[in-house]
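Breakdown of the fold
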Amino acid sequence: MFRSSHFIVMLFVGLFTATIQPYALRSFAQADPELSRDEERERKAVERFVSLLEKSPRRGTALDRVYGYHVERGTIDAFLKSYDDRIKNNP
């Protein structure tokens, strides 16, 4: 049986096994210019949380916020794929 805690652990490991490079943040930089002020502020906050998690990986608010942001927008698969690609490019 697949538990959400297993998924979070898998997400955590996938996010932080790669070396720190700006590949994952490219999707943030290509943001839609039509975003509302609140959406833009939330996107910037998630960028900061990703940066924080890459420097100091741990469970907590930052991981919850990044995960929630991508789940709400249906972009979690693309986000995880960006880290898979980073791992493949930098073994």
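Structure: above.
Throughout what follows, the structure given in this document is the object of discussion.

About the thresholds
- Residues numbered from 1 in each chain as written.
- Predicted model: local features only at pLDDT ≥ 70, side-chain atom pairs only at ≥ 80, totals over all residues.
- Heavy atoms only, no water.
- Helix = DSSP H or I, 4+ residues; strand = E, 2+ residues; numbered from the N terminus.
- Buried < 20%, exposed > 50% of the residue type's maximum accessible area, 1.4 Å probe, protein only.
- Areas by Shrake-Rupley, 256 points an atom, 1.4 Å probe, with all protein chains shown as cover.
- Salt bridge = Lys/Arg side-chain N within 4 Å of Asp/Glu carboxyl O.
- Phe/Tyr/Trp six-rings, centres within 6.5 Å; stacked < 30°, edge-to-face > 60°.
- Expected span 1.5 Å × (residues − 1).
- Arc of directions from axis to C-beta.
- Axes fitted to C-alpha atoms, helices over the stretch in contact; angles between N-to-C directions.
- Parallel < 35°, antiparallel > 145°, perpendicular 65-115°, else oblique.
- Left-handed = near helix turned anticlockwise from the far one by under 90°.
- Contact = heavy atoms within 4.5 Å.
- Core = buried A, V, L, I, M, F, W, Y, C linked by side-chain atoms within 4.5 Å.

Description of the overall build of the chain
- Across its full length, the chain carries 5 helices and 0 strands.
- Buried positions account for 27% of the 91 residues belonging to the chain.
- Of the accessible surface of the chain, which amounts to about 6400 Å², a share of 54% is contributed by carbon and sulfur atoms.

Description of the pattern of salt bridges
- All told, the structure shown has 7 salt bridges when counted by the stated rule.
- One salt bridge connects Arg 73 with Glu 42, and the closest N-O pair in it is separated by 3.3 Å. Taken together, the residues span a long stretch of sequence, with Arg 73 in helix α4 (residues 61–73) and Glu 42 in helix α3 (residues 37–55) at a distance of 31 residues.
- One continuous salt-bridge network, built from bridges that share partners, spans Glu 40, Arg 43 and Glu 47.

Notes on the packing of aromatic side chains
- With the rule as written, the count across this model stands at 1 aromatic pair.
- Plain terms: the ring middles of Phe 79 and Tyr 83 are 5.2 Å apart, the flat faces sit at 70° to each other, and that makes the pair edge-to-face. Pair noted here: Phe 79 and Tyr 83 are both in helix α5 (residues 76–89), with a separation of 4 residues, about one helical turn.
- Given a relative accessible area of 1%, Tyr 83 falls into the buried group.

A short note on α5
- Helix length check: α5, at 14 residues, gives a terminal C-alpha distance of 20 Å against a target of 20 Å (1.5 Å per residue), a fit within 8%.
- For α5, every residue scored as buried is listed here: Ile 76, Phe 79, Leu 80, Ser 82, Tyr 83 and Arg 86. End-on, the buried residues of α5 take up no more than an arc of 150°, which puts them together on one face. Exposed residues on α5 whose side chains face more than 90 degrees from its buried face are Asp 77, Ala 78, Lys 88 and Asn 89.

Points about the packing of α3 against α4
- Look at α3 against α4: their axes get within 9 Å of each other, and the N-to-C directions meet at 135°. Taken together, the axes of α3 and α4 lie oblique to each other. With respect to the hand of their crossing, α3 and α4 are arranged in left-handed fashion. Here α3 contributes Glu 42, Arg 43, Ala 45, Val 46, Phe 49, Val 50, Leu 52 and Leu 53 to the contact with α4, which in turn contributes Ala 62, Leu 63, Arg 65, Val 66, Tyr 69, His 70, Glu 72 and Arg 73.

What to know about the nonpolar core
- Counting 10 residues, the largest nonpolar core consists of Val 46, Phe 49, Val 50, Leu 53, Ala 62, Leu 63, Val 66, Tyr 69, Phe 79 and Tyr 83.
- Of all the secondary structure elements, the ones that give two or more residues to this core are α3, α4 and α5.

Some details on the environment of Leu 53
- Mapped onto the elements of the fold, Leu 53 is located in helix α3.
- On a C-alpha basis, the gap between Leu 53 and Val 66 in space is 9.4 Å, while along the polypeptide they are 13 residues apart.

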